[in-house]
Structure formats: C-alpha cells, structure tokens
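# Observations on chain architecture
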Amino acid sequence: MDQAGETTVESPPRIVVGGVLIRGGRVLAARRNSPASVAGRWEFPGGKTEPGETEAQALERELLEELGVRARALRRLPGGWAVRPGLELRFWAAELLSGEPDALEDHDELRWLGPAELDSVDWIDHDREVLPHVAELLAAADDAQSAG
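Below you will find a few notes about this structure. (Residues numbered from 1 in each chain as written. Predicted model: local features only at pLDDT ≥ 70, side-chain atom pairs only at ≥ 80, totals over all residues. Heavy atoms only, no water.)

## Describing the overall build of the protein
Within the protein one finds three helices and eight strands. Taken from the N to the C terminus, the helices and strands of the protein come in the order β-β-β-β-α-β-β-β-β-α-α. Within the protein, the proportion of its 148 residues that are buried is 39%. For the protein, contacts bridging at least 24 residues in sequence account for 66% of all contacts bridging at least 6. Total accessible area on the protein is roughly 8100 Å²; 48% of this is exposed by carbon and sulfur atoms. (Helix = DSSP H or I, 4+ residues; strand = E, 2+ residues; numbered from the N terminus. Buried < 20%, exposed > 50% of the residue type's maximum accessible area, 1.4 Å probe, protein only. Contact = heavy atoms within 4.5 Å. Areas by Shrake-Rupley, 256 points an atom, 1.4 Å probe, with all protein chains shown as cover.)

## Here's the deal with unusual backbone geometry
Cis rather than trans, the peptide bond between serine 34 and proline 35 has omega equal to -10°. Residue placement: proline 35 occurs in the loop between β2 (26-32) and β3 (42-43). Positive phi is not limited to glycine here, since aspartate 106 has a value of about 70°. Along the chain, aspartate 106 turns up in the loop between β7 (87-98) and β8 (107-113).

## Points about helix α1 (residues 55-67)
For α1, with 13 residues, the first-to-last C-alpha span of 18 Å sits near the 18 Å given by 1.5 Å per residue. Looking only at α1, the buried set comprises Glu55, Ala56, Ala58, Leu59, Glu62, Leu63, Glu66 and Leu67. Projection of α1 onto a plane perpendicular to its axis shows the buried side chains occupying an angular sector of 155°, all on one side. The secondary structure elements touched by the buried residues of α1 are β1 (14-23), β2, β4 (46-48), β5 (70-76), β7 and β8. Looking one or two places after α1, you find glycine 68, whose phi comes out positive at around 75°. (Expected span 1.5 Å × (residues − 1). Arc of directions from axis to C-beta.)

Structure, rendered in structure tokens:
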C-alpha cells in the first residue's frame, strides 16, 4: 500500500531479449561499443521488446536491426535477469536464416565462438550467467552434426 492507503500495482517488467544465435556448432558473440559501463565487454545481441510485440518477434527484429540478418527465434532459455528496476533480460536460442552478421549498431566486433572458446571473451555479467545453457545448445548442435 502507498501512503494514502491505496494498493499499488507494479507493472510487469519490460523485457529485453538476447539472441543465442548458433551456426555450425558456434555461437555469435558481440562486443559492445557503448554505453561506457559495458563498452568492450561481450554479449548476446538483442534488445527491448516494443509494445504489442512478442519476445520472439522482438528478437527477430533486433537481430535484423543490429546485425542485418534474418533469424528465427526457437525457444526461450531458462532464467531471467533484472537488468535494472522494470527491465528483465531473457535469452532465446535462435537460428540464422539468411545474411552474414555485421556489427551495424551498438557493437564494434563480432565473433563466432565454439564450446571451448566461451570463456575467451569478457562477457557482461548477465550474459555470462547463461553460458551453461549455451554450452548445452552447442553440444546438442555438435551431436546433431555428428549424427548427420
């Protein structure tokens, strides 16, 4: 209740989606160039959902805007992280449909990382926390390639 004795209703957090984009047993990592607090650190690219947009739609739009590629959101990975009050980060596995990723916005370098390279970059803390799930996805992709 607030000071007037009325019940306050917290609005649901705005969702930020991060894309775990996998191709050929490797995952795409993007190095931030801004803001200063995270510049030079690595993340899974993505961005905020817009009103009326699903998380999957937001991810597909953000990957097109940030990297110039068409991708399909596949499934949400476990977990959610409070980036700041009112903003929650969720990660989604995604597949590349067309195009070659390019650092168009917010990033100055991209790298495709294999399972043994996941710890080779300085991840933003929230993104580092999802790495065990990313490693599982990469192992499953590797198993699928081996079987095929």
